[in-house]
Every structure is written in C-alpha cells, then in structure tokens.
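The primary structure of each chain is shown beneath.
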Amino acid sequence: MSKHQIKIFIFGLTSSGKTTFGRMLAKHFKCAFIDTDEKIAEKVGMSVRSFYLANGKEAFQRQEYEVFSECLTLQMADRLLVNDIVVISVGGGLIENEKARLFLQERQKTESETIKVFFLHVPKNILFNRLLRKANKEKSFPAFLQPYIYKNADEELNRDFVFFPALQRKLLGQAKELFFKMNKNRCLLFQSIEHIKLKTKRESKKRLFKIIEQYLH
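None of the values given here were measured: they were computed from a predicted structure.

Novice: Give a detailed account of the pattern of salt bridges, specifying residues and quantitative values.
Specialist: All chains considered together, the criterion is met by 6 salt bridges. Measuring nitrogen to oxygen at the nearest pair gives 3.1 Å for the salt bridge that ties Glu 96 to Arg 186. Remark: Arg 186 occurs in helix α8 (residues 169–190) and Glu 96 occurs in the loop between β3 (85–89) and α5 (98–110); sequence separation between them is 90 residues. For Arg 186, a relative accessible area of 3% puts it in the buried group. Ionic pairing is found between Arg 207 and Glu 203, a salt bridge with its closest N-O pair at 3.9 Å.

Right, here's the structure in full:
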C-alpha cells in the first residue's frame, strides 16, 4: 500500500478503547502493533499503575517519553516492522507529557507523510461509565486519579471499599468531576497536535478503517 514506512498513532482519552482498536487496526493491515503502556510495563517490570503509584507522575513521564520517542524513531531495519506500517496505541495521559508532546510536534513537521495521528473521540459520559466498570472490576481507580480523589476523601475511608454501586456518592462525584476536568485539559493540549478525529460511536470499525486508509496514500 505504501512506498515508505508509516507510523499510525492511536491517541484518545482514558477508556476510549485505544488498545482494542489499535490491535484490530493492526490485524486489518497485517502489520506490527505496539502499546506504549505495555512497553513501559515490560521495561520497568511492573504494571504502569503500580509504577505510577510507587514512583509518581514525573518518574512515570520519564519512562513514557523514552518509550514514545523510541516508537517515533523506529526504522525499517527494525525486525518489528512489517508491510511498512506499524500501529502504535498511546497512553491516555501522554498528551500531558510536555517533552513527548514537543518531540511529536517536531517530528510531525519533518515527517508529515510518515507519521499519522488519529484521535478516538468518545462522548465523556460513555468514557466515565467505562471507567466505572473497569474500577468496579479492578477495585481501583486509574493511578492518575487516585492521589486527587483520596486526598480529599474522609480519613476513615478504606481504599479497599466495595465499588459501584456501593461506592460512596461523595467519592463518585469527586471522581467524575476530576475525570471531566482532566479530559477537558487534555483535549485543549491536543489541539497543538496535528491529528485526524475518528468518531467511534458514529462509525463502524470497518468504516473507520476505510477512513484511515484514505489518509495513508
């Protein structure tokens, strides 16, 4: 399909389905797939959530930048690449990583034909409902929300409490307010990145793949 290597980056807010969509897209193109969170976990020897909670945001962003920059500079000689295309799913909070964001902007200016950035757009209420289902299953909120939620929670609140629907209304309200506020800030930052928006609720997966193909020629 292509005469040169193409890196397809899948961005999106937390719970937008980036990894699932990225895997399906890579299968569609019969090409390699990378998930940056999985690469970070492999590198540090623990889950990204555990690393974030144990070491903090700055330490996590250093690891995030290193993995992301490696993805941006992948070369055709790398055995990982197949069919001149690689699909890369990016962590939801990477857009807040200033060093990574600036590096992407720089590479986009010089490699606009080979770097394609797609943003999975999902309505905020759907995102939050997905986050709650995952929190209920894992008995824990995402790492980037936990320090803010528990900081303002009642002192006697046990972090191992039973989740939704038994979740305390106060804590649920804090989580929703913070989640929406963080997503709003991330969307504002994303305006500085050249990208194509994909409305996942409106279009079928097959149609979304066709839309992406149009931008690769």
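Read on for the rest.
Novice: Residue-level account of empty space enclosed by the protein, with values.
Specialist: Applying the stated criterion across every chain, the model contains 2 cavities of 30 Å³ or more. The calculated volume of the largest cavity comes to roughly 50 Å³. Forming the walls of the largest cavity are Phe 11, Gly 12, Leu 13, Gly 91, Gly 92, Leu 94, Ile 95, Phe 119, Arg 186, Cys 187 and Phe 190. Put simply, the parts of the chain that give the lining of the largest cavity at least two residues each are β1 (6–12) and α8. The leading source of residues in the lining of the largest cavity is α8, at 3 residues.

Novice: Go over the environment of Cys 71, please, and point to the residues and values.
Specialist: With respect to the helices, strands and loops of the structure, Cys 71 is situated in helix α4 (residues 57–72). Classification of Cys 71 as buried rests on a relative accessible area of 4%. As for Cys 71 and Asp 35, which are separated by 36 residues in sequence, their C-alpha atoms are 9.8 Å apart. Beyond its immediate sequence surroundings of up to four residues, Cys 71 is in contact with Lys 7, Phe 9, Ile 34, Thr 36 and Ile 88.

Novice: Which residues make up the side chain of Lys 116, and what values do they have?
Specialist: In this structure, Lys 116 sits in strand β4 (residues 115–121). The side chain of Lys 116 is buried and forms no salt bridge, while Glu 194, the nearest opposite charge, is found at 6.8 Å. Of the polar contacts made by the side chain of Lys 116, one reaches the backbone oxygen of Ser 112; its length is 3.4 Å. Leave out the neighbours within four places in its chain, and Lys 116 touches Ile 6, Lys 7, Ile 8, Phe 9, Tyr 215 and Leu 216.

Novice: Describe in detail the sheet that holds β1, supporting the description with residues and values.
Specialist: Strands sit in the order β2-β3-β1-β4-β5 across an open sheet of 5 strands; the sheet is parallel. The strands lining the two open edges of the sheet, one partner per strand, are β2 (32–35) and β5 (196–199). Strand-to-strand twist in this sheet, taken as the mean axis angle between neighbours without regard to direction, amounts to 25°. This element, α4, spans β1, β2, β3 and β4 of the sheet and lies at about 145° to β1.

Novice: With reference to specific residues and values, describe the environment of Phe 21.
Specialist: With respect to the helices, strands and loops of the structure, Phe 21 is situated in helix α1 (residues 18–29). Owing to a relative accessible area of 2%, Phe 21 belongs among the buried residues under this scheme. Considering only alpha carbons, one finds Phe 21 and Val 87, 66 residues apart in sequence, at a separation of 10.0 Å. When residues no more than four places from it in sequence are discounted, the contact partners of Phe 21 are Ile 10, Leu 120, Leu 198, Lys 205, Leu 208, Phe 209 and Ile 212.

Novice: Residue-level account of the nonpolar core, with values.
Specialist: Formed by 38 residues in total, the largest nonpolar core has its most connected members in Phe 9, Phe 11, Phe 68, Leu 104, Val 117 and Phe 128. If you tally residues by element for this core, the top one is α4, at 7 residues. Excluding its chain neighbours within four sequence positions, the residues that come into contact with Phe 9 are Phe 68, Cys 71, Leu 72, Ile 88, Val 90, Ile 115, Lys 116, Val 117 and Phe 118. With 20 residues, the next largest nonpolar core counts Ile 8, Phe 118, Leu 208 and Leu 216 among its residues.

Novice: Residue-level account of the layout of surface pockets, with values.
Specialist: Approximately 190 Å³ is the volume found for the second largest pocket. The wall of the second largest pocket is formed by Leu 13, Phe 119, Leu 120, His 121, Val 122, Pro 123, Lys 124, Leu 127, Phe 180, Asn 183, Lys 184 and Cys 187. Going through the elements one at a time, β4, α6 (124–138) and α8 are the ones with two or more residues in the lining of the second largest pocket. When residues of the lining of the second largest pocket are assigned to their parent elements, the largest contribution, 4 residues, is made by α8. Each residue belonging to the lining of the second largest pocket can be placed in one class, and the counts come to 8 nonpolar, 2 polar and 2 charged.

Parameters and conventions
Residues numbered from 1 in each chain as written. Predicted model: local features only at pLDDT ≥ 70, side-chain atom pairs only at ≥ 80, totals over all residues. Heavy atoms only, no water. Salt bridge = Lys/Arg side-chain N within 4 Å of Asp/Glu carboxyl O. Helix = DSSP H or I, 4+ residues; strand = E, 2+ residues; numbered from the N terminus. Buried < 20%, exposed > 50% of the residue type's maximum accessible area, 1.4 Å probe, protein only. 1 Å grid on protein atoms, 1.4 Å probe; cavity = no way out; pocket = protein on both sides within 12 Å on 5 of 7 lines; lining within 4 Å. Points joined across faces, edges and corners; volume = space filled by probe spheres on them. Contact = heavy atoms within 4.5 Å. Lys, Arg positive; Asp, Glu negative; His and termini not counted. Polar contact = N/O pair within 3.5 Å; in protein donor to acceptor, adjacent residues only side chain to side chain. Pairing = 2+ DSSP bridges. Axes fitted to C-alpha atoms, helices over the stretch in contact; angles between N-to-C directions. Core = buried A, V, L, I, M, F, W, Y, C linked by side-chain atoms within 4.5 Å. Nonpolar A, V, L, I, M, F, W, Y, C, P; charged D, E, K, R; others polar.

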